[in-house]
Amino acid sequence: QKEVEQNSGPLSVPEGAIASLNCTYSDRGSQSFFWYRQYSGKSPELIMSIYSNGDKEDGRFTAQLNKASQYVSLLIRDSQPSDSATYLCAVRRAGGSTLGRLYFGRGTQLTVWP
Amino acid sequence: DAGVIQSPRHEVTEMGQEVTLRCKPISGHDYLFWYRQTMMRGLELLIYFNNNVPIDDSGMPEDRFSAKMPNASFSTLKIQPSEPRDSAVYFCASSLNFDSPLHFGNGTRLTVT
């Protein structure tokens, strides 16, 4: 079982729609969760961090965390063509000999068409 | 803040040559990571350091790969000898502590012919 799994996509939505990206993780002790956006040929850039159960909103982005279900999601409201990118879910290990190790999912490619 | 600085941005070399990639983390960050990204395998963690000490190098593909962090502001990833299958984008990233997000450098695109 992989540490972090994402819905493989690709995901295609029209401009103005809500894009929903999902991620599950295997280490129940994980405490830190991140969403990164990566444009083609660029490095990953952080768009959201979430540490507690529930929702966290930042502009058009909402991250949702459910530790009991080991599930993290990212909602993008009012999607724009500029949101077209690969979205990477990342989970950071909170304990053990590999404290701080960060696991990435394979990413979900999102296309927002005008 | 200058961010994570990697050099070179691009490296083209012939099989069998030594390649050295360099990274300067964000000042004050305790953790430094080296990742490799390919279309086939995605982002793979090669090795990471905490306070200049390697914590987990289980992702280093084989003995041809080595990484050092002689001080808090500099790290190198060396491949000797290089092979065509090492062609990838190599990212360095740093974080403030064990649960804060990573900040990535611009990456080094390595091509081994």
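Further up the page is the structure itself.
Residues numbered from 1 in each chain as written. Chains lettered and ligands numbered in written order. Predicted model: local features only at pLDDT ≥ 70, side-chain atom pairs only at ≥ 80, totals over all residues. Heavy atoms only, no water.

A. Here's a closer look at the nonpolar core. One finds Trp35, Val72, Leu74, Ile76 and Tyr87 of chain A to be the most contacted residues of the largest nonpolar core, which totals 24 residues. Of all the secondary-structure elements, those providing two or more residues to this core are strand E3 (19-25), strand E4 (32-38), strand E5 (45-50), strand E7 (61-66), strand E8 (71-76), strand E9 (85-92) and strand E11 (108-113) of chain A. When neighbours within four sequence positions are excluded, leucine 74 of chain A is seen to be in contact with Ala19, Ser20, Leu21, Trp35, Ile47, Met48, Phe61, Thr62, Ala63 and Tyr87 of chain A. Counting residues in hydrophobic clusters, the runner-up holds 21 residues, among them Val19, Phe65, Leu77 and Ala88 of chain B. (Core = buried A, V, L, I, M, F, W, Y, C linked by side-chain atoms within 4.5 Å. Buried < 20%, exposed > 50% of the residue type's maximum accessible area, 1.4 Å probe, protein only. Helix = DSSP H or I, 4+ residues; strand = E, 2+ residues; numbered from the N terminus. Contact = heavy atoms within 4.5 Å.)

B. Geometry of the interface of chain B and chain A. Every contact between the two is made by 26 residues of chain B and, on the other side, 23 residues of chain A. Remark: the boundary between chain B and chain A carries one salt bridge. Here arginine 101 of chain A and aspartate 56 of chain B are joined by a salt bridge, their closest N and O atoms 2.4 Å apart. At the boundary of chain B with chain A, the tally comes to 15 residue pairs in polar contact (both at pLDDT 80 or more). Those elements that provide at least two residues to the side of chain B that touches chain A are strand E4 (31-38), strand E5 (42-50), strand E6 (53-56) and strand E9 (88-95) of chain B. Looking at the side of chain B that touches chain A residue by residue, the class counts come to 14 nonpolar, eight polar and four charged. (Salt bridge = Lys/Arg side-chain N within 4 Å of Asp/Glu carboxyl O. Polar contact = N/O pair within 3.5 Å; in protein donor to acceptor, adjacent residues only side chain to side chain. Nonpolar A, V, L, I, M, F, W, Y, C, P; charged D, E, K, R; others polar.)

C. Representation of the packing of aromatic side chains. By the definition in use, this model includes twelve aromatic pairs over all chains. Judged by centre distance (5.4 Å) and plane angle (85 degrees), the rings of phenylalanine 104 of chain A and tyrosine 35 of chain B are edge-to-face. Of this pair, phenylalanine 104 of chain A sits in strand E10 (residues 102-104) while tyrosine 35 of chain B sits in strand E4, each in a different chain. Taken as a pair, phenylalanine 104 of chain A and tyrosine 35 of chain B share a single burial class, namely buried. Aromatic pair tyrosine 31 of chain B and tyrosine 48 of chain B: ring centres 6.3 Å apart, planes at 20 degrees, arrangement stacked. Of this pair, tyrosine 31 of chain B sits in strand E4 while tyrosine 48 of chain B sits in strand E5, placing them 17 residues apart in sequence. In this pair, the class of tyrosine 31 of chain B matches that of tyrosine 48 of chain B, namely buried. Just above the ring of phenylalanine 61 of chain A sits the side chain of arginine 60 of chain A; from NZ or CZ to the centre is 5.5 Å. We note arginine 92 of chain A situated over the ring of tyrosine 31 of chain B; from NZ or CZ to the ring centre the distance is 5.0 Å. (Phe/Tyr/Trp six-rings, centres within 6.5 Å; stacked < 30°, edge-to-face > 60°. Lys NZ or Arg CZ within 6 Å of the ring centre and 35° of its normal.)

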